[in-house]
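# Analysis of the macromolecular model
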Amino acid sequence: MRHAAVIFDLGGVVLGSPLHAIAEFEREHGIPAGFVNRVVVSTGPGGAWSRLERGELRVEQWIPAFERDCADAGQRISAARMMEAIRSAADPRPSMVAAIRAIRAQGLRVGALTNNWVADEPTENRLGLELRELFDAYVESAIVGLRKPDPRIYQHACRELGVAPEASIFLDDIGANLKAARALGMHTIKVDTPEQALGELESALGFALS
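Please read these numbers as outputs of a predicted model, since none were measured by experiment.

### Topic: the sheet that holds strand 1 (residues 5-8)
Read from one edge to the other, the open sheet built from 5 strands follows the order 3-2-1-4-5, with strand pairing classed as parallel. Two strands close off the open sheet at either side, each with one partner strand: strand 3 (137-140) and strand 5 (187-190). Mean inter-strand twist for the sheet, computed between neighbouring axes without regard to direction, equals 20°. In this sheet, strand 4 (residues 168-172) lies alongside strand 1 in parallel orientation, the contact comprising 4 bridges. When the sheet's bridge partners are listed, Ala 5 is paired in strand 4 with Ser 168. In this fold helix 9 (residues 151-161) packs onto strand 1, strand 2 (109-114), strand 3 and strand 4, with an angle of close to 150° to the strand it touches most, strand 2. Sheet contacts for helix 11 (residues 194-205): strand 1, strand 4 and strand 5; angle to strand 5, the most-contacted strand, approximately 160°.

### Considerations on the pairing of strand 4
Most of strand 4 sits inside the fold, with 5 of its 5 residues counted as buried. Across 4 bridges, the pairing between strand 4 and strand 5 is parallel. Looking at the pairing, Asp 172 lines up with Lys 190 of strand 5. Each parallel crossover has a hand, and for strand 4 linked through helix 10 (residues 175-183) to strand 5 it is right-handed.

### Considerations on helix 10
Regarding helix 10, the residues found buried are Asn 177, Leu 178, Ala 180 and Ala 181. All buried residues of helix 10 lie within an arc of 160° about the axis, which places them on one face of the element. In helix 10, the exposed positions angled more than 90 degrees off the buried face are occupied by Lys 179 and Ala 183. In this structure, the buried residues of helix 10 make contact with helix 9, strand 4 and strand 5. Downstream of helix 10 by a residue or two, Gly 185 has a phi angle that is positive, lying close to 100°.

### Some thoughts on the pattern of salt bridges
Scanning the model with the defined rule gives 11 salt bridges in all. Between Arg 54 and Glu 56 there is a salt bridge, with its nearest N and O atoms 2.7 Å apart. In this structure Arg 54 comes out as buried when scored by relative accessible area, which is 18%. Ionic contacts of the salt-bridge type, sharing partners, join the residues Asp 9, Lys 148 and Asp 172 into one network.

Rules and cut-offs
- Residues numbered from 1 in each chain as written.
- Predicted model: local features only at pLDDT ≥ 70, side-chain atom pairs only at ≥ 80, totals over all residues.
- Heavy atoms only, no water.
- Pairing = 2+ DSSP bridges.
- Helix = DSSP H or I, 4+ residues; strand = E, 2+ residues; numbered from the N terminus.
- Axes fitted to C-alpha atoms, helices over the stretch in contact; angles between N-to-C directions.
- Contact = heavy atoms within 4.5 Å.
- Buried < 20%, exposed > 50% of the residue type's maximum accessible area, 1.4 Å probe, protein only.
- Right-handed = clockwise from strand over helix to strand, strands pointing away.
- Arc of directions from axis to C-beta.
- Salt bridge = Lys/Arg side-chain N within 4 Å of Asp/Glu carboxyl O.

Below, the structure is given as structure tokens:
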């Protein structure tokens, strides 16, 4: 089937990586490497991080809740400082922005599918408005109440774009999110670097993106 749409994760794909920001935060504050991710995974859907990304908590509510999750796992952290580090890393990647424009110029549909939270900072709101203009569909976990890797959020994104999952390509930097997309028939690309990912995307689409 010819690809009719490309769906991009935001953080770590179109924007700077929150995973890298968290890893740097851990290094700077003497927190064991991978601790934050282990807390996110181990607390599951009922944990503070998942609740934030489903829009059930605002950031100011999430901060003490996530700090409790971390304390229960044996480590005290400042969730507010970590959030600031994540925000500071969220700059658009010019090569990805150019690729999105090139894809749309070829007549394909382009979507964003992101696990995020309700923005409290004016800069986050401005960035969100600027990003929306790049996409035909903009699916946010905190708005729809679902988060990757729940299969329903991928299906929702495809409906918004008017394409079948099998006709779409999905880019993300997290393996579990890609696994769920592949199970629905989507062509997936793991983003390790923008250059690597765009090379794979060009091969899949059959035209240049730069």
